[in-house]
Amino acid sequence: MAVKPFSNDWADQFKDQINSSAVYKQTGKGWKWTVGMVVEAEPDKHFPDSRGVVMDLFEGEARGIKIGSAADAQRCDFVITAPYTRWKQVAQKELDPTKGMLQGKLKLKGDLPTIVRYTKATQEVVECSTRVPVEWPDEK
Amino acid sequence: MLGGLIEANVEGRPEKRKDFDRFAARVGIWVTDIDEGVTLDFKRGSLVVHNGLAPKRDITIRAEAETVMTLSNLRIGLFGMPVYYDETGRSVALKLLQGKLKIDGLLGNIATVNTVTRIFSVAGEPEKPAA
């Protein structure tokens with residue numbers, strides 16, 4: 001069943017997708033930092049308030065994915081920030097996260113060498129997010 | 001992002017700082033699948049990043065975004081040479097052979113390519129918390 005993006009239901013399904021990914025289990029080995037996704041508000045797209053997704057990823061496993069405020073996400077070790085529409089493009093595979101980061105469309109804060117070392121894991125996390133069926137508020 | 005990566009690498013690793021402080025070259029990187037690129041102007045201890053390809057480049061690397069990231073994951077082996085016999089190295093070598101990774105000016109600038117690779121490489125980095 002389709003869920004609202006960046007909602008608690010979405011977070012639960014996203015976590016399940018990550019934990020059922022053999023690719024992430026392998027490529028995420030060694031990763032032990034929190035990742036925050038800041039989804040910036042776009043009221044004209046029916047996404048009125050910024051939101052934060054706090055991802056506790058550890059050694060190829062998602063220990064927890066919680067929805068909170070943008071400030072919650074900004075406290076993570078790595079923070080990726082983009083407006084709602086960009087995240088939607090990522091979730092719909094219209095924007096590759098590696099290209100998005102190189103182009104500055106997805107703004108990354110954190111130790112760059114570490115995240116570059118885990119490019120494949122990052123790509124797989126994004127791939128997992130695309131497997132969650134979503135009902136986009138601007139498409140209603 | 002590429003400038004930030006070099007900055008973080010040089011700050012965190014004394015051996016890269018040594019390379020960086022001695023290195024003078026103009027290196028273009030063109031990311032073919034986004035049709036964007038930068039020129040990294042290394043000037044012995046400083047780096048100027050230009051948007052797009054500036055003239056008088058010593059070498060120009062042309063590859064897709066994923067390959068550029070893979071280049072950063074090349075391990076550095078004995079005598080500071082990039083390792084081309086492990087999985088990452090073989091995939092880079094294959095892309096070179098297939099023409100999916102092109103390095104203009106490679107002939108005559110192999111030392112420059114190796115130094116850039118060393119400065120870029122994040123493989124084998126000591127783990128550290130995010131900045």
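It should be noted that the structure appears before, not after, this text.
The sections below set out a description of the structure shown in this document. (Residues numbered from 1 in each chain as written. Chains lettered and ligands numbered in written order. Predicted model: local features only at pLDDT ≥ 70, side-chain atom pairs only at ≥ 80, totals over all residues.)

Attention now moves to the interface of chain A and chain B. Contacts between the two partners involve 18 residues from chain A, matched on the other side by 22 residues from chain B. When residues of the side of chain A that touches chain B are traced back to their parent elements, those giving at least two are helix H5 (97-103) and helix H6 (112-117) of chain A. A breakdown of the residues in the side of chain A that touches chain B according to their chemical character gives seven nonpolar, six polar and five charged. (Contact = placed C-beta atoms within 7 Å. Helix = DSSP H or I, 4+ residues; strand = E, 2+ residues; numbered from the N terminus. Nonpolar A, V, L, I, M, F, W, Y, C, P; charged D, E, K, R; others polar.)

Before going further, it helps to spend a moment on helix H1 (residues 2-12) of chain B. B:Leu2, B:Ile6, B:Ala8 and B:Asn9 are the residues of H1(B) that are buried. Seen end-on, H1(B) carries its buried residues on one side only, within an arc spanning 165°. Taken together, the buried residues of H1(B) touch H6 of chain A together with helix H2 (14-22), strand S1 (24-31), strand S2 (36-43), strand S3 (47-51) and helix H5 (110-120) of chain B. (Buried ≥ 20, exposed ≤ 12 C-beta atoms within 10 Å, placed from the backbone. Arc of directions from axis to C-beta.)

Formed by 64 residues in total, the largest nonpolar core has its most connected members in A:Val39, A:Val53, A:Met55, A:Ala73, B:Ile29 and B:Val68. Setting aside residues up to four positions removed in sequence, A:Ala73 forms contacts with A:Gly36, A:Met37, A:Val38, A:Gly52, A:Val53, A:Val54, A:Gly68 and A:Val79. (Core = buried A, V, L, I, M, F, W, Y, C linked by C-beta atoms within 7 Å.)

Glancing now at the sheet that holds strand S2 (residues 51-58) of chain A. Residue and element names in this part refer to chain A. The strand order across the open sheet built from five strands is S3-S2-S1-S4-S5, with neighbouring strands paired in mixed fashion. Each edge of the open sheet is held by one strand with a lone partner, namely strand S3 (61-68) and strand S5 (107-109). Taken over all neighbouring pairs, the strand axes of this sheet differ in orientation by 15° on average, direction set aside. Pairing geometry for S2 and S3, over seven bridges, is antiparallel. (Pairing = 2+ DSSP bridges. Axes fitted to C-alpha atoms, helices over the stretch in contact; angles between N-to-C directions.)

Take unusual backbone geometry next. All names here are of chain B. In the Ramachandran plot, arginine 44 falls in the positive-phi region, its phi being about 40° despite a non-glycine side chain. One non-glycine residue, lysine 56, lies in the positive phi region at around 60°. Topologically, lysine 56 is positioned in the loop between S3 and strand S4 (59-63). Taking the number of C-beta atoms within 10 Å as the measure of exposure, lysine 56 has 8 and is therefore exposed.

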